[in-house]
Amino acid sequence: MSEGIWNFIFANQSIRTVVSALRENLRTLRASADLMSVEGRIASVEELFRLQGADELYRAERKYFDPTRR
């Protein structure tokens, strides 16, 4: 790596990776008709919530949500 390069931008590699994985998982699901056939290869629901910052959302909801207001 050159001394002048500090960051890399992978403009579309991530989305292309997702498309390939999605195709493979959909093929597997179609062939097996079994949701568990891909379960070991996919992110957990907990990981999705973590990536979304759901804990922060839940804390804010508890702090600011007024269930009596409609």
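Novice: Whenever I open this one, the overall build of the chain confuses me. Can you help?
Specialist: When helices and strands are counted, the chain shows three helices and zero strands. Moving toward the C terminus, one meets the helices and strands of the chain in the order α-α-α. Taking 11 Å as the expected radius of gyration for a compact globule of 70 residues, we find that the chain reaches 20 Å, considerably beyond that expectation. Along the first, second and third principal axes, the C-alpha atoms of the chain reach 55 × 50 × 20 Å.

Novice: Got a minute to help me understand the pattern of salt bridges in this structure?
Specialist: A side chain with one charge may pair with a side chain of the opposite charge, provided their charged atoms come close. Under the definition given, this model contains two salt bridges. Measuring nitrogen to oxygen at the nearest pair gives 2.9 Å for the salt bridge that ties E47 to R50. One end of the pair is E47 and the other is R50, both in helix α2 (residues 45-52) and three residues apart, which spans about a single turn.

Reading guide: rules and limits
Residues numbered from 1 in each chain as written. Predicted model: local features only at pLDDT ≥ 70, side-chain atom pairs only at ≥ 80, totals over all residues. Heavy atoms only, no water. Helix = DSSP H or I, 4+ residues; strand = E, 2+ residues; numbered from the N terminus. Rg over C-alpha atoms; globule rule 2.2 N^0.38 Å. Salt bridge = Lys/Arg side-chain N within 4 Å of Asp/Glu carboxyl O.

Geometric values such as these leave the question of function open.
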